[in-house]
Amino acid sequence: MAHTIALAGNPNSGKTSLFNELTGSSQYVGNWPGVTVEKKEGHLKQSKHHIVIDLPGIYSLSPYTLEEVVSRDYLIDARPDIIINVVDATNLERNLYLTTQLVETGIPVLIALNMIDIVEKRGDIIDINGLAAALGCPVIATSAVTGKGLKDLVKQAIHMVDNHMAPPISAHFSQETEKALKDIGSLIEGTVPPETLRWYIIKLFERDQQVQQRLDLDQKKIAEIEAIISATEEKLDDSAESIITTDRYDYLTAIAKKTHTQKRAAGSLTISDKIDRVVTNRFLALPLFFVIMWGVYYVSIQSVGELFIGGIEWLFHDFIGANLASWLLSVGTNSWLVGLLTDGIIAGVGAVLTFVPQMMILFFFLSFMEDCGYMARVAFIMDRIFRKFGLSGKSFIPMLIGTGCSVPAIMASRTIENQRDRRMTIMLTPFIPCGAKLPVFALLVGAFFPHSAWIASSMYLVGILAVIISGIFLKKTKAFAGDPAPFVMELPPYHMPRFKGVAIHMWERGKEFIKKAGTIIAVASAGIWILQSTSWSFEFVETQQSILASIGRFIAPLFKPLGFGRWEVAVATITGLLAKETIVATFGIVLGLGTVAEGDPTLVASIGSFFTPVSAYAFMIFTLFAAPCVAAIGATKREMNSIRWTASAVLFQTSVAYLAALLVYQIGSLIF
Amino acid sequence: MANVIVSIIIFGSLGLIAYRMLKSRKSGGSSCHSGCGSCPYACEEKPEH
């Protein structure tokens, strides 16, 4: 029978890093709190009989947030064999607050005193044995980043599971509180398993509604419990919840005093504090963020990223495409089959893969900013701005995730408790340019703005601006009116990311992009080539007489006011619904370019007849805001659980796209 | 003969890709393009990416 080991701890205490080290998996690790939304599962590397569960980061077992509900329900209902409580050693007292609640569940607890390397670097001392004795459970000093203590942790965990170790001792509260808890205990004894009795008693004392419902107590008992709580509140002149919190902290302060020696004087600034004075400065924060994003996009798309394009273009167009075509024709293959393979599939996939280096470099920088702790500051900065416009900073976390892909970003909006804010976040998150839109921007920037340093980076800034403006607009409507939800976020200390960690992030994101090119883009490219080569009577015809051209001509007038009324471009906006990269694949196939890159005279000549610089920018704006791909629309439907709301979101996004592109083109044409 | 072999390779591969994509979606799998490794959300049923 498999044994389960649950990893529980505060947000950003390093649970997922530990989970990856213990199980050998590569789950997403982000240097901001709240990265894990749902529990994750994996086998211990050393033993297939031990399952490790990574629970979302929580501060307490009170049911205030989705993460807390997920973790608490799992611990109480599934009852793992042991809990490894991951404690951030740099924030000992606050992290142990959760520990006091975990031990009350009656499940054996093993403490992983994580980030011990940082504690040592600071010159602080933690008396591990003293801490273990005070808490009544084993404590192992670990560093998930360096791997220190992990072997001992696993050994101890397996030992505890195999020997059915007894649960640790619970925190002892003040005399008055303990008396009240004892009285409540006598009322519910026998209705819950004895090992969980203490936890239920405390939750009832805290007036936890979910626990009350779960126990299904009769009215008489509820009244008796309420009388005990009220009497204690009166005696201690405090609310029940606050009494428990104060008692827990009194208990922990006493433990910390005995076991933790800090070198740094209280109130003195750490290096992170000093950096934050500049990075989160009221006046400097935003310009600094824009400069950083400008630099990231400029380097990724217009300088370093471009260096690799020539090689990939040669690979797909001159080497694979040309050689395969001549060989297939030489062995007697029908020319249309050769066309489908080389001018359709290879041209479409190659056009998309041309931009892989740029994507990889962008992902590298975004991962670096995330891992070092800067992105958490961005959420904090954005909260300050968003709040002024009625949005919560909580909405910015999904938007950060959205720089990779809108689908998990939309899913991450689940953590927003307020339904209005959640719906609004789902609607606005796709405005942040995802990785799939990058090839479209890179293509047009390469063709029309090769020497302009701000066009590519402006997409990110315009995206944020659109979120703010749309937020202001939507908040004025009845469906979204209301104050933004409070946003509390602990800023992790800055640290130099490990190259391996950043490289894994970059590769994980880039790998899926490549995989997508080999699947959905390949199928779409074949479909587009067939549609652009055949007529409605299924005969091979010139592109201008094809099915694709007739569909394109039908919808093209809609886009004429936006400056891109050619049927080829109109068709690309539709195929882009499959996946945004398909826009580039469509251009590659329809223009017969094979692969496209800056400096290619074929590209400039062909794309040049479709766009002017102004209409190219309008098209980029349209692509940025228009309805996302089908996968993201599907995610919207799942998260909103309403066809009406999903349709409203798609309509809103497309309307914003149309209006913004119209303004850009019409005003831009007057100026340039 | 060349036409038959090339047709089988092209349409077989495209068909297999399309089948796997549809199967994954029908079995409740996510159509997420981010990949589990770069996703903060753990799907209850792991999709085939």
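Conventions adopted
Residues numbered from 1 in each chain as written. Chains lettered and ligands numbered in written order. Predicted model: local features only at pLDDT ≥ 70, side-chain atom pairs only at ≥ 80, totals over all residues. Helix = DSSP H or I, 4+ residues; strand = E, 2+ residues; numbered from the N terminus. Buried ≥ 20, exposed ≤ 12 C-beta atoms within 10 Å, placed from the backbone. Rg over C-alpha atoms; globule rule 2.2 N^0.38 Å. Expected span 1.5 Å × (residues − 1). Bend = angle between axes of the 7 residues up to and from the residue. Contact = placed C-beta atoms within 7 Å. Pairing = 2+ DSSP bridges. Right-handed = clockwise from strand over helix to strand, strands pointing away. pLDDT = per-residue confidence, 0-100. Axes fitted to C-alpha atoms, helices over the stretch in contact; angles between N-to-C directions. Domains from an automatic or database assignment. Parallel < 35°, antiparallel > 145°, perpendicular 65-115°, else oblique. Left-handed = near helix turned anticlockwise from the far one by under 90°. Nonpolar A, V, L, I, M, F, W, Y, C, P; charged D, E, K, R; others polar. Core = buried A, V, L, I, M, F, W, Y, C linked by C-beta atoms within 7 Å.

### Quick word on the overall build of chain B
Reasoning step 1: What chain B contains, in helices and strands, is 1 helix and 0 strands.
Reasoning step 2: Out of the 49 residues in chain B, the part that is buried amounts to 20%.

### Side note on the overall build of chain A
Reasoning step 1: Per the secondary structure count, chain A includes 31 helices and 8 strands.
Reasoning step 2: A compact globule built from 672 residues would reach a C-alpha radius of gyration of about 26 Å, and chain A, at 29 Å, matches this within 12%.
Reasoning step 3: Its C-alpha atoms put chain A at 90 × 55 × 50 Å along the principal axes.
Reasoning step 4: Evaluated residue by residue, chain A yields a buried proportion of 50% over its 672 residues.

### Points about helix α25 (residues 547–559) of chain A
All names here are of chain A.
Reasoning step 1: Spanning 13 residues, α25 covers 19 Å between terminal C-alpha atoms, matching the ideal 18 Å at 1.5 Å per step.
Reasoning step 2: Most pronounced at Arg-553, the bend in α25 amounts to some 35 degrees, and the proline Pro-557 follows within four residues.
Reasoning step 3: All of the buried residues along α25 are Leu-548, Ala-549, Gly-552 and Phe-559.
Reasoning step 4: Those residues of α25 that are buried lie in contact with α24 (520–533) and α26 (567–575).

### As for helix α22 (residues 455–475) of chain A
Reasoning step 1: Between its first and last C-alpha, α22 of chain A extends 30 Å over 21 residues, near the 30 Å set by a 1.5 Å rise per residue.
Reasoning step 2: Within the sequence span of α22 of chain A, burial applies to Ile-455, Ala-456, Ser-457, Ser-458, Met-459, Gly-463, Ile-464, Ala-466, Val-467, Ser-470 and Gly-471 of chain A.

### Overview of the pairing of strand β4 (residues 82–88) of chain A
Residue and element names in this part refer to chain A.
Reasoning step 1: Extensive coverage of β4 is indicated by the burial of 7 of its 7 residues.
Reasoning step 2: Side chains Ile-82, Ile-84, Val-86 and Asp-88 of β4 all project onto a buried face; the interleaved residues Ile-83, Asn-85 and Val-87 project onto the opposite face, where all are buried too.
Reasoning step 3: Where strand β1 (residues 3–9) meets β4, 5 bridges bridge the pair, whose relative direction is parallel. Paired with Ile-5 across the strands is Ile-82, a residue of β4.
Reasoning step 4: In terms of strand pairing, β4 meets strand β5 (residues 109–114) through 6 bridges, oriented parallel. The residue bridging Val-87 from the neighbouring strand is Leu-113, located in β5.
Reasoning step 5: Taking the sense of rotation as the criterion, the β-α-β connection linking β4, helix α3 (residues 92–102) and β5 turns out right-handed.

### Some points on the pairing of strand β2 (residues 40–44) of chain A
Residue and element names in this part refer to chain A.
Reasoning step 1: Strand direction decides the pairing type here: β2 and strand β3 (residues 47–54), joined by 5 bridges, are antiparallel. Looking at the pairing, His-43 lines up with Ile-51 of β3.
Reasoning step 2: Hairpin geometry of β2 and β3 is characterised by an intervening segment of 2 residues between the two adjacent antiparallel strands.

### Concerning the confidence of the model for chain B
All names here are of chain B.
Reasoning step 1: Mean pLDDT for chain B: 67, with 47% of residues reaching 70 or above.
Reasoning step 2: Taken together, the stretch residues 40–49 has pLDDT below 50 and engages in 30 contacts with residues farther than four places along the chain or on a different chain.
Reasoning step 3: Prediction confidence for the complex, expressed as pTM and ipTM, is 0.75 and 0.74 respectively.

### Some details on the sheet that holds β5 of chain A
All names here are of chain A.
Reasoning step 1: Here we have 6 strands laid out as an open sheet, ordered β2-β3-β1-β4-β5-β7, and mixed in their pairing. The open sheet is flanked by β2 and β7 (139–141), the only strands paired with a single partner. On average, each strand axis in the sheet is inclined to that of its neighbour by 25 degrees, with strand direction left out of account.

### Concerning the domain arrangement of chain A
Reasoning step 1: According to the domain assignment, chain A consists of domain 1 (3–162), domain 2 (175–238) and domain 3 (286–484 + 512–671).
Reasoning step 2: Of note, the centres of domain 1 of chain A and domain 3 of chain A, computed from C-alpha atoms alone, are 40 Å apart.

### A few points about unusual backbone geometry
All names here are of chain A.
Reasoning step 1: One non-glycine residue, Arg-207, lies in the positive phi region at around 60 degrees.
Reasoning step 2: For Arg-207, the position within the fold is in the loop between α8 (197–205) and α9 (209–215).
Reasoning step 3: On the neighbour-count criterion, Arg-207 (14 C-beta atoms within 10 Å) is partly exposed.
Reasoning step 4: Even without glycine at this site, Phe-538 takes up a positive phi of about 60 degrees.

### Brief notes about the packing of helix α29 (residues 613–625) of chain A against helix α31 (residues 643–671) of chain A
Residue and element names in this part refer to chain A.
Reasoning step 1: Relative orientation of the contacting elements α29 and α31 amounts to 165 degrees, with a least axis distance of 8 Å. Here α29 is positioned roughly antiparallel relative to α31, judged by the angle of their axes. The element α29 and its partner α31 pack so that their crossing is right-handed. Listed contacts from α31 to Val-614, Ser-615, Tyr-617, Ala-618, Ile-621, Phe-622 and Phe-625 of α29 are Gln-653, Val-656, Ala-657, Ala-660, Ala-661, Val-664, Tyr-665, Gly-668 and Ser-669.
Reasoning step 2: Broken down by class, the residue content of the contact of α29 with α31 amounts to 12 nonpolar, 4 polar and no charged.

### Considerations on the environment of Gly-608 of chain A
Residues and elements named next belong to chain A.
Reasoning step 1: Following the sequence through the fold, Gly-608 ends up in helix α28 (residues 601–610).
Reasoning step 2: According to the C-beta neighbour criterion, Gly-608 is partly exposed, with 14 such atoms within 10 Å.
Reasoning step 3: Remark: the alpha-carbon pair of Gly-608 and Phe-448, spanning 160 residues in sequence, is separated by 8.0 Å.

### Thoughts on the environment of Ser-550 of chain A
Residues and elements named next belong to chain A.
Reasoning step 1: Within the element layout of this structure, Ser-550 appears in helix α25.
Reasoning step 2: Residue class for Ser-550 comes out partly exposed when judged on the 14 C-beta atoms lying within 10 Å of it.
Reasoning step 3: With 18 residues separating them along the chain, Ser-550 and Gln-532 place their C-alpha atoms 9.5 Å apart.

### Focus on the packing of helix α16 (residues 356–371) of chain A against helix α23 (residues 499–518) of chain A
All names here are of chain A.
Reasoning step 1: Axis separation between α16 and α23 bottoms out at 8 Å; the angle between their running directions is 140 degrees. Between α16 and α23, the angle is such that the two are oblique. Crossing geometry of α16 relative to α23 is assigned as right-handed. In contact with Val-356, Met-359, Met-360, Phe-363, Phe-364, Ser-367, Phe-368 and Asp-371 of α16, α23 contributes Gly-501, Val-502, His-505, Met-506, Arg-509, Gly-510, Phe-513 and Ile-514.
Reasoning step 2: Partitioned by chemical class, the residues of the contact of α16 with α23 number 10 nonpolar, 4 polar and 2 charged.

### With respect to the nonpolar core
Residues and elements named next belong to chain A.
Reasoning step 1: Core analysis: the largest hydrophobic core is formed by 129 residues, its most contacted members being Phe-441, Leu-444, Ala-618, Met-620, Ile-621 and Phe-625.
Reasoning step 2: In contact with Phe-441, not counting residues within four places along its chain, are Ile-301, Ala-456, Met-459 and Met-620.
Reasoning step 3: Of all hydrophobic cores here, the second largest spans 48 residues; its members include Val-52, Ile-82, Ala-89 and Ile-140.

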